[in-house]
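# Topology and contacts: notes
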Amino acid sequence: MPDSVRSFIGEFVQQQRMKYKISNLQELEAEAIHIIREVAAEFENPVMLYSIGKDSSVMVRLAEKAFAPGKVPFPLMHIDSKWKFKEMIEFRDRYAKEKNWDLIVHYNKKGFEEGIGPFTHGSKVHTDIMKTQALLEGLNKYQFDAAFGGARRDEEKSRAKERIYSFRDKYHRWDPKNQRPELWDIYNAMVHKGESIRVFPISNWTELDIWQYIRLENIPIVPLYFAKRRPVVEIDGNLILVDDDRMPEKYRKQAKMRMVRFRTLGCYPLTGAVESSADTVEKIVEEMMTATHSERTTRVIDFDGEASMEQKKREGYF
Amino acid sequence: MDIKHFLDKDQEKDLLRLLTAGSVDDGKSTLIGRLLFDSKKLYEDQLASLERDSKREGHAGEEIDYALLLDGLKAEREQGITIDVAYRYFSTNKRKFIIADTPGHEQYTRNMITGGSTANLAILLADARKGIITQTKRHTFLVSLLGIKHVVLAINKMDLVDFSQEVFENIRKDYIDFTTQLDIPDITFIPVSALKGDNVVDISPNMPWYHGKSLLEFLETVHIASDRNFEDLRFPVQYVIRPSLDYRGFAGKIASGILRKGDEVMTLPSRKTSRVKSILGAQGEVDEVFPPLSCSITLEDEIDISRGEMIVHPNNLPKVERHFEAMLVWMDETEMDPYAPYYLKHNTHTTKARIDQISYKVNVNSMEKEECNLLKLNEIGRITLTTSDVLIFDPYRKNRHTGAFILIHTITHNTVAVGMIIDKLGSQELPYRISEHEKQHIANYGSLIRIGEREKRYGQKGVTLWITGLHGSGKNQLAYALEKELFKMGKNVLVLDGKSMGKGFARELDLSPTERNKYLKQIARVSRFLNEQGILTICSFVSPEEEIRRQLKEIINEESENRFLTIHMNAGLDYCKAHDQYGLYEKAEKGEIFHMVGIDEKFEAPQNPDIRIEEGDETALEKVLNILNERKIIFD
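Computed from a prediction, not measured in an experiment: that's the story for all the values here.

Okay, the sheet that holds strand β4 (residues 121-127) of chain B next. Residues and elements named next belong to chain B. Spatial ordering of the open sheet is given by β2-β3-β1-β4-β5-β6, a layout of six strands whose pairing is mixed. Every other strand in the sheet has two partners, leaving β2 (86-91) and β6 (186-191) as the edge strands with one partner each. The mean inter-strand angle of the sheet, taken between neighbouring strand axes irrespective of direction, is 25°. Of the strands in this sheet, β1 (14-21), β4 and β5 (150-156) are in contact with helix α6 (residues 134-145), which crosses β4 at around 170°. Contacting β4, β5 and β6, helix α7 (residues 165-179) runs over the sheet at an angle of about 160° to β6.

Attention now moves to the pattern of salt bridges. Applying the stated criterion across every chain yields a total of 64 salt bridges over all chains. Among the ionic pairs, Asp127 of chain B bridges to Arg129 of chain B, the shortest N-O distance being 2.9 Å. The class for Asp127 of chain B is buried, based on a relative accessible area of 3%. You can call Arg129 of chain B partly exposed: its relative accessible area is 49%. It is possible to trace a salt-bridge network through shared partners that takes in Glu29, Arg61, Glu64, Lys65, Lys99 and Glu217 of chain A.

What follows covers the pairing of strand β24 (residues 464-469) of chain B. All names here are of chain B. Across the six residues that make up β24, a large majority, six, are buried. Residues Thr464, Trp466 and Thr468 of β24 are buried on one face, and the alternating residues Leu465, Ile467 and Gly469, pointing to the opposite face, are buried as well. With four bridges connecting them, β24 and strand β26 (residues 536-540) associate as parallel partners. Within the sheet, the bridge partner assigned to Thr464 lies in β26 and is Thr537. Bridge count for β24 against strand β27 (residues 564-570) is six bridges, and the pairing is parallel. By the bridge assignment, Ile467 is partnered in β27 with Ile567.

A few words on the interface of chain A and chain B. Counting residues at the interface gives 72 residues for chain A, matched by 93 residues for chain B. Taken together, both faces of the contact between chain A and chain B bury some 7,200 Å²; the carbon and sulfur share is 56%. Looking at the side of chain A facing chain B, the largest losses of area belong to Tyr20, Lys161 and Trp184 of chain A, adding up to 13% of the total buried there. Going through the elements one at a time, α1 (3-19), α2 (24-42), α3 (54-66), α7 (207-217) and α9 (281-289) of chain A are the ones with two or more residues in the side of chain A that touches chain B. Here the side of chain A that touches chain B is built from residues that sort into 28 nonpolar, 17 polar and 27 charged.

Another aspect to go through is the packing of α7 of chain A against α9 of chain A. All names here are of chain A. At a minimum axis separation of 10 Å, α7 and α9 run at an interaxial angle of 165°. As far as their axial angle goes, α9 and α7 are roughly antiparallel. By crossing handedness, the relation of α7 to α9 is classed as left-handed. Contacts from Glu207, Leu208, Trp211, Ile214 and Arg215 in α7 reach Val281, Glu282, Ile284, Val285, Met288 and Met289 in α9. Its residues assigned to classes, the contact of α7 with α9 shows eight nonpolar, no polar and three charged.

The geometry of an aromatic ring pair is captured by the separation of the ring centres together with the interplanar angle, meaning the angle of the planes. Residue and element names in this part refer to chain A. Taken as a whole and judged by the stated rule, the model has 32 aromatic pairs over all chains. Relative to Tyr268, the ring of Phe85 lies with its centre 6.3 Å away and its plane at 55°, an arrangement referred to as tilted. Placement of Phe85 in the loop between β2 (76-79) and α4 (86-98) and of Tyr268 in the loop between β9 (256-261) and β10 (274-275) is noted, with a sequence separation of 183 residues between them. Exposure remark for Phe85: the relative accessible area of 0% places this residue in the buried category. Note on Tyr268: relative accessible area 0%, which makes it buried.

Okay, the side chain of Asn204 of chain A next. The residue Asn204 of chain A is located in the loop between β6 (196-199) and α7 in this model. By relative accessible area, Asn204 of chain A is classed as buried at 5%. With residues near it in sequence (within four places) discarded, Asn204 of chain A still touches Leu28, Glu31, Arg153 and Asp209 of chain A together with Arg17, Tyr89 and Ile98 of chain B.

Residues and elements named next belong to chain B. What you see with strand β28 (residues 611-614) is a clean split: Ile611 and Ile613 sit on the buried side and Arg612 and Glu614 on the side with no burial. Both β27 and β28 contribute to a ladder of four bridges, which runs parallel. Within β28, the position partnered with Ile567 by the bridge is Ile611.

Residues and elements named next belong to chain B. The five strands lie next to each other as β25-β26-β24-β27-β28, forming an open sheet whose pairing is parallel. Because the sheet does not close on itself, it has two edges, and the strands there are β25 (493-497) and β28. Within the sheet, the average angular offset between the axes of one strand and its neighbour, ignoring direction, is 20°. In terms of strand pairing, β25 meets β26 through five bridges, oriented parallel. When the bridges of β26 are listed, Asp497 appears paired with Ser540. Packing of helix α13 (residues 546-556) onto the sheet brings it into contact with β24 and β27, and relative to β27 it is tilted by some 150°.

Moving on: the environment of Asp185 of chain A. Among the structural elements, Asp185 of chain A can be located in the loop between β5 (165-168) and β6. Under the relative-accessibility criterion, Asp185 of chain A is labelled buried at 17%. Between the C-alpha atoms of Asp185 of chain A and Lys97 of chain A, which are 88 residues apart in sequence, the distance is 34 Å. Not counting residues up to four positions away in its chain, the partners in contact with Asp185 of chain A are His34 of chain A together with Lys253 and His401 of chain B. A polar atom in the side chain of Asp185 of chain A sits 3.2 Å from the side chain of Lys253 of chain B.

Right, let's get into the nonpolar core. Of all hydrophobic cores here, the largest spans 86 residues; its most connected members are Ile36, Met48, Leu62, Phe74, Tyr165, Trp205 and Trp211 of chain A. With eight residues, α2 of chain A is the largest single contributor of residues to this core. Among the domains, domain 1 (12-227) and domain 2 (235-312) of chain B are the pair contributing at least three residues each to this core. Residue contacts for Tyr165 of chain A: discarding those within four places in its chain leaves Ile35, Glu38, Val39, Phe43, Gln179, Glu182, Tyr187, Asn188, Ala189, Ile197, Arg198 and Val199 of chain A. Grouped together as the second largest cluster of nonpolar side chains are 75 residues, Ile148, Ile171, Leu219 and Val329 of chain B included.

Residue and element names in this part refer to chain B. At a minimum axis separation of 11 Å, α6 and α7 run at an interaxial angle of 45°. Judged on the interaxial angle alone, α7 and α6 are oblique. Relative to α7, α6 is oriented so that their crossing is right-handed. Together, Thr136, Lys137 and Thr140 of α6 and Tyr175, Phe178 and Thr179 of α7 make up the contact between the two elements. Taken together, the residues of the contact of α6 with α7 break down into two nonpolar, three polar and one charged.

Below, the discussion takes up helix α5 (residues 109-116) of chain B. Counting buried positions along α5 of chain B yields eight of eight residues, so the element is predominantly enclosed. Turning to α5 of chain B, its buried residues are Thr109, Arg110, Asn111, Met112, Ile113, Thr114, Gly115 and Gly116 of chain B.

For the rest of this paragraph, the subject is the environment of Ala605 of chain B. All names here are of chain B. Here Ala605 lies in the loop between α15 (584-590) and β28. Given the relative accessible area of 37%, Ala605 is considered partly exposed. When the C-alpha atoms of Ala605 and Thr619 are compared, they prove to be 21 Å apart, with 14 residues separating the residues in sequence. Leaving out residues up to four positions away in the same chain, Ala605 has contacts with Glu546, Arg549 and His568.

The subject of this paragraph is the confidence of the model for chain A. Residues and elements named next belong to chain A. Of all residues in chain A, 85% attain a pLDDT of 70 or more, and the chain-wide mean is 87. Taken element by element, chain A is modelled with least confidence in helix α10 (residues 308-315), mean pLDDT 55, and with most confidence in strand β1 (residues 46-49), mean pLDDT 98. Low pLDDT, under 50, characterises residues 301-307; the stretch is placed with 19 contacts to residues that sit more than four places away or in other chains.

The rules behind the values
- Residues numbered from 1 in each chain as written.
- Chains lettered and ligands numbered in written order.
- Predicted model: local features only at pLDDT ≥ 70, side-chain atom pairs only at ≥ 80, totals over all residues.
- Heavy atoms only, no water.
- Pairing = 2+ DSSP bridges.
- Helix = DSSP H or I, 4+ residues; strand = E, 2+ residues; numbered from the N terminus.
- Axes fitted to C-alpha atoms, helices over the stretch in contact; angles between N-to-C directions.
- Contact = heavy atoms within 4.5 Å.
- Salt bridge = Lys/Arg side-chain N within 4 Å of Asp/Glu carboxyl O.
- Buried < 20%, exposed > 50% of the residue type's maximum accessible area, 1.4 Å probe, protein only.
- Buried area = accessible area lost by both parts, 1.4 Å probe.
- Nonpolar A, V, L, I, M, F, W, Y, C, P; charged D, E, K, R; others polar.
- Parallel < 35°, antiparallel > 145°, perpendicular 65-115°, else oblique.
- Left-handed = near helix turned anticlockwise from the far one by under 90°.
- Phe/Tyr/Trp six-rings, centres within 6.5 Å; stacked < 30°, edge-to-face > 60°.
- Polar contact = N/O pair within 3.5 Å; in protein donor to acceptor, adjacent residues only side chain to side chain.
- Core = buried A, V, L, I, M, F, W, Y, C linked by side-chain atoms within 4.5 Å.
- Domains from an automatic or database assignment.
- pLDDT = per-residue confidence, 0-100.

Below is the structure:
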């Protein structure tokens with residue numbers, strides 16, 4: 001074969017390779033869409049748990065893409081602990097309306113009426129009653145047999161082993177020793193009545209992937225992620241936002257305006273802010289890449305005890 | 001480099017999924033920990049928490065125990081071993097990586113199979129002091145079974161053999177000898193010390209004789225794009241998107257091949273053809289899609305395609321069969337029941353499967369084939385299967401996506417086994433548990449027991465005795481007397497009447513004529529089904545119209561044979577009123593109930609009943625039995 005022909009072929013092959021090269025994000029996106037469609041096709045009554053956070057926002061965007069130009073064929077459900085940041089709720093209601101989502105908001109009515117909250121009952125009791133219990137209540141009320149969650153495997157050690165389809169018994173319990181083997185992209189959707197599957201379509205995404213996708217897709221996120229001067233109090237080394245009057249007076253009076261943002265969003269008394277000047281997605285990523293704390297450290301509930309997340313998972317929390 | 005530039009570059013990186021396997025002592029966790037650590041993707045506080053954990057539970061003395069980075073579950077941490085697949089993520093300037101970290105114990109083969117199913121590449125570890133041991137061979141076999149094309153044999157603990165080239169070369173030679181019998185196209189050998197970091201990220205000065213790349217550099221540069229199959233278009237339809245009447249989108253993920261706008265395509269198994277009108281990718285309308293992208297396509301023609309079907313190019317067809325061979329890995333604690341059916345999920349299609357034969361199981365330690373009757377947890381065997389629906393597949397060697405399936409237990413719903421299809425033998429050459437003739441029969445008729453066989457055993461023909469007549473004419477008395485008598489004679493008989501069917505079906509009375517006729521037809525269908533099982537049925541219903549009785553007869557009768565006998569209870573209205581145990585005629589006359597035959601509706605007497613019983617006839621039972629004998633409906 002003459003060299004010219006060989007080089008021509010070589011070039012052609014190279015071009016072809018480039019043409020069908022696929023980026024990390026394209027691959028993750030295709031995988032997530034496939035998982036979301038698979039659940040919609042095989043389960044009778046799926047729901048997407050929407051936490052209002054950035055990961056949830058990405059997951060909802062993926063669901064919209066999966067069924068375009070049609071509508072997402074299942075509802076979203078937000079478990080409201082009644083202690084979320086006000087801006088989160090505003091954001092949720094604005095986008096649910098704008099995007100015409102079928103949104104269910106569920107909260108633990110009994111806990112709310114009894115005035116359960118982190119300041120009075122501690123983070124453990126509050127989380128158990130207003131988050132874990134409320135979630136189980138919501139799932140039972142509507143008899144969902146599959147619930148999408150926006151958890152990622154790189155978030156936390158115990159999640160590294162989580163399946164994409166995570167099987168839960170009829171009490172919503174997760175047994176780490178009794179998870180179904182998961183191969184290729186073939187997911188086992190068979191459940192008996194009462195049993196369910198938690199589905200994590202963005203399992204394989206890293207935090208950087210999430211930010212990158214938000215940037216590329218212009219996905220709206222709660223403004224709390226961006227740095228702004230906000231009134232905060234330092235409680236046990238965490239910067240807590242004064243979001244409403246339910247914060248005890250002794251803390252409130254210490255509040256100072258500081259330039260802060262939030263890496264994760266949850267219940268305002270349990271979510272610490274970080275001092276930051278990052279007010280764009282790019283700046284957030286820059287800060288993240290040079291950060292000295294991984295994202296979950298600002299979530300106070302993690303400090304409850306050794307392997308705490310795992311305990312919560314066994315009890316039914318995500 | 002500014003952040004925008006960083007993000008733009010980052011966005012172009014591709015993804016490499018890799019599998020690591022090795023035993024607890026091989027230093028696998030240490031190696032991964034170092035890859036993560038040295039590629040500087042560990043945040044400081046994770047390290048801080050690591051140092052804290054290390055003091056409490058670590059096994060590595062003074063040094064940081066990298067393995068602790070990887071263990072998540074508490075029970076495992078207490079045992080000091082990893083027992084499941086764990087996924088790790090890291091990224092370099094060139095690529096993103098997902099590591100499926102799996103343990104090396106024999107009892108956890110299933111986890112390695114799980115972790116390896118999506119991997120492009122496998123890193124296997126060998127201890128330089130021990131060389132190629134049984135476990136290395138076992139892992140290599142599994143990697144080859146899964147069709148992973150690239151293998152790195154990391155020969156670890158080189159520091160403990162004085163970085164000896166001879167040791168490295170001997171192990172390399174042994175491994176090449178062993179792998180010639182397996183199908184792994186690309187094998188790379190790298191001498192490393194995970195603990196000290198030699199050749200993990202940077203080339204080690206301790207092994208100047210090694211001229212290859214460091215492990216990380218190799219991972220960053222190994223070419224994987226051409227591992228995808230761009231030749232054979234396979235698009236399993238996953239979901240049909242129908243937001244309006246003018247859009248019918250067939251959604252799914254491209255398993256292999258390239259799908260272009262305007263392509264002529266065929267759907268299987270229905271073999272309908274059309275052209276691709278539009279392709280909607282995740283980023284909007286596109287002209288072509290390729291694996292592994294998800295998309296939704298529309299076709300020029302309005303053809304009905306549902307989930308489970310596959311769209312292909314008509315000149316490049318996969319196999320469409322119900323009978324095939326596969327390598328099966330048993331994944332469940334409960335052993336295989338070779339006589340039980342299992343659900344089989346393949347692409348987007350779930351059907352039932354049965355096991356026809358197990359040719360052999362593979363001893364993963366010796367690679368020998370052994371005879372066996374069933375598979376147990378972690379056993380791998382070559383089996384022949386038959387499914388109830390056709391599968392649209394390619395052999396796994398040729399196509400990882402269309403050649404793989406899982407088996408699901410029909411009761412526990414656990415994933416009990418995973419399979420990789422082999423197509424060395426044609427469907428006709430494969431063994432069946434039942435004969436070819438029987439297979440055809442099942443396909444066409446279902447049960448292998450013929451109606452004649454049942455009738456012979458029961459000493460009766462499966463017919464319907466349809467008793468018609470006014471309410472109070474004695475239908476039910478005759479029906480139940482007949483049932484009891486036939487039962488005493490050892491016959492298999494059932495009465496269907498308003499009472500017995502009442503629970504599941506509407507009652508015949510108080511129905512409008514249209515509703516009533518619908519109901520009677522339902523009864524006739526049930527009766528026909530029972531007759532087909534050789535069971536004699538006695539149906540007792542007013543059924544007042546000649547036309548409906550003709551229709552019932554049509555439902556019950558087979559083309560050639562008459563299985564429908566009409567018995568007419570020919571009683572006058574006065575007789576019936578006198579024998580009305582429920583006072584229905586009275587109610588009807590008062591206008592309390594409607595559609596009462598004999599009052600506000602007419603009874604059409606059958607023109608030619610098979611048997612006519614006059615009002616009050618004491619010998620009715622005898623008459624019917626005589627006719628049944630005469631017509632050889634009952635016999636000994």
